[in-house]
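Here is how the chains run, residue by residue.
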Amino acid sequence: SLLDMRLEQWTDRYEMWLSDKTTLVPEEERPLGRAVAGESVDLEDVYLVDTATDRDVWLSITTRPIYDELGIVQGAFGVFRDITARKRAEEEMRFLNRAMASASEGITIMDARDPRRPIVYVNQGFERLTGYSSSVVIGKDLRLIRGPGTDGKAVNEFEEAVREGYDMVKERPG
């Protein structure tokens, strides 16, 4: 088991990668080895791959050296916290943000919890289609972009969707 392994066995079986997932952590910089050398490590995030099973996990690692009464390092201990779910959610969020930002369609997100329904996000497609920059519309409500050519029926449908709390996708005809 993992707990029965010596440090050398552990480092042979598990590849430890920096947060970029492309750079292996050099053995002398691995948190537990650093603690054995007398250094404390606080909340270092690493990507770990079990080469025997090809399973991967994200860990947040904190380690400390263990000293004897003379102040000589006798060992080390570590706390390894599985942060895989958080890291995967962050990665998905980055992916979705890139997709929304690069979409040619105009995307607007409003805070439906706020009775004013302020705009909290617009993508470049919105800026291109409306001529309004995000710096002008963030924090404002959609009344800002209503004009003589605005489709009143579409506005009413949109306001109903917001009031009722459901998502609305509105595509421009043609």
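Here's the deal with the side chain of Ser60
- Tracing the backbone through its elements, the reader meets Ser60 in strand S3 (residues 55-67).
- There is a polar contact of 3.4 Å between the side chain of Ser60 and the side chain of Asp45.
- Beyond its immediate stretch of four places on either side in the chain, Ser60 contacts Leu43, Glu44, Asp45, Val79, Phe80, Arg81 and Ile83.

Digging into the nonpolar core
- Within the largest apolar cluster, 9 residues are counted, these being Trp10, Tyr14, Met16, Val25, Val46, Leu48, Val57, Leu59 and Ile61.
- Contributing elements (two or more residues each) for this core: strand S1 (14-17), strand S2 (41-50) and S3.
- Top contributing element to this core by residue count: S3, with 3 residues.
- The next biggest cluster of nonpolar side chains, apart from the first, holds 6 residues, and it includes Ile119, Val122, Phe126 and Leu142.

Some words on the pairing of strand S4 (residues 73-82)
- As judged from the 9 bridges shared by S3 and S4, these two strands associate in the antiparallel manner. Bridge pairing in S4 places Thr62 opposite Val79.
- Here S3 hands over to S4 after 5 residues, with Gly71 in that stretch at a positive phi of 85°.

A look at the side chain of Glu44
- Relative to the helices and strands, Glu44 is located in strand S2.
- In contact with Glu44, not counting residues within four places along its chain, are Glu29, Pro31, Arg34, Leu59, Ser60 and Ile61.

Brief notes about a negative patch on the surface
- Among the surface-exposed residues, Asp12, Glu27, Glu28 and Glu29 lie close enough to one another that they form a single negatively charged patch.
- Relative to the assigned elements, Asp12 resides in helix H1 (residues 7-13).
- When its relative accessible area of 64% is taken as the criterion, Asp12 is described as exposed.

Considerations on the packing of aromatic side chains
- Applying the stated rule across the entire model yields 1 aromatic pair.
- Ring centres 5.2 Å apart and planes at 50° place the aromatic pair Tyr47 and Trp58 in the tilted group. You can see Tyr47 sitting in strand S2 and its partner Trp58 sitting in strand S3, a full 11 residues away along the chain. For the residue pair Tyr47 and Trp58, the accessibility class agrees, reading buried in each case.
- Looking at Lys21, its charged tip hangs above the ring of Tyr47, at a distance of 4.6 Å from the centre.
- In this structure, Lys87 packs its charged tip against the face of Trp58, placed 4.8 Å from the ring centre.

A few points about the confidence of the model for the protein chain
- When pLDDT is averaged along the protein chain, the result is 85, and 87% of the positions lie at 70 or above.
- Taking the mean pLDDT of every element in the protein chain, the minimum, 73, falls on helix H6 (residues 152-164) and the maximum, 95, on S3.

Some remarks on the environment of Ile61
- Relative to the elements of secondary structure, Ile61 occurs in strand S3.
- Take Ile61: its relative accessible area is 0%, and that puts it in the buried class.
- Linking Ile61 and Gly78, residues 17 residues apart in sequence, is a C-alpha distance of 6.9 Å.
- If sequence neighbours within four positions are ignored, Ile61 has contacts with Met16, Pro31, Val41, Asp42, Leu43, Glu44, Val46, Val79 and Phe80.

Notes on the pattern of salt bridges
- Using the criterion set out here, one finds 11 salt bridges in the structure.
- Of the charged contacts in the structure, one is a salt bridge between Arg34 and Glu39, with a shortest N-O distance of 2.8 Å.
- Residue Arg34 is classed as buried on the basis of its relative accessible area, which comes to 17%.
- Note that Glu44 and Arg34 form a salt bridge whose closest N and O atoms lie 2.8 Å from each other. One end of the pair, Glu44, is in strand S2; the other, Arg34, is in helix H2 (residues 31-36), with 10 residues separating them in the sequence.

Conventions and cut-offs
- Residues numbered from 1 in each chain as written.
- Predicted model: local features only at pLDDT ≥ 70, side-chain atom pairs only at ≥ 80, totals over all residues.
- Heavy atoms only, no water.
- Helix = DSSP H or I, 4+ residues; strand = E, 2+ residues; numbered from the N terminus.
- Polar contact = N/O pair within 3.5 Å; in protein donor to acceptor, adjacent residues only side chain to side chain.
- Contact = heavy atoms within 4.5 Å.
- Core = buried A, V, L, I, M, F, W, Y, C linked by side-chain atoms within 4.5 Å.
- Buried < 20%, exposed > 50% of the residue type's maximum accessible area, 1.4 Å probe, protein only.
- Pairing = 2+ DSSP bridges.
- Patch = residues over 30% accessible without salt bridge, like charges linked within 9 Å, V, L, I, M, F, W, Y side chains within 5 Å.
- Areas by Shrake-Rupley, 256 points an atom, 1.4 Å probe, with all protein chains shown as cover.
- Salt bridge = Lys/Arg side-chain N within 4 Å of Asp/Glu carboxyl O.
- Lys, Arg positive; Asp, Glu negative; His and termini not counted.
- Charge placed at Lys NZ, Arg CZ, Asp CG, Glu CD.
- Phe/Tyr/Trp six-rings, centres within 6.5 Å; stacked < 30°, edge-to-face > 60°.
- Lys NZ or Arg CZ within 6 Å of the ring centre and 35° of its normal.
- pLDDT = per-residue confidence, 0-100.

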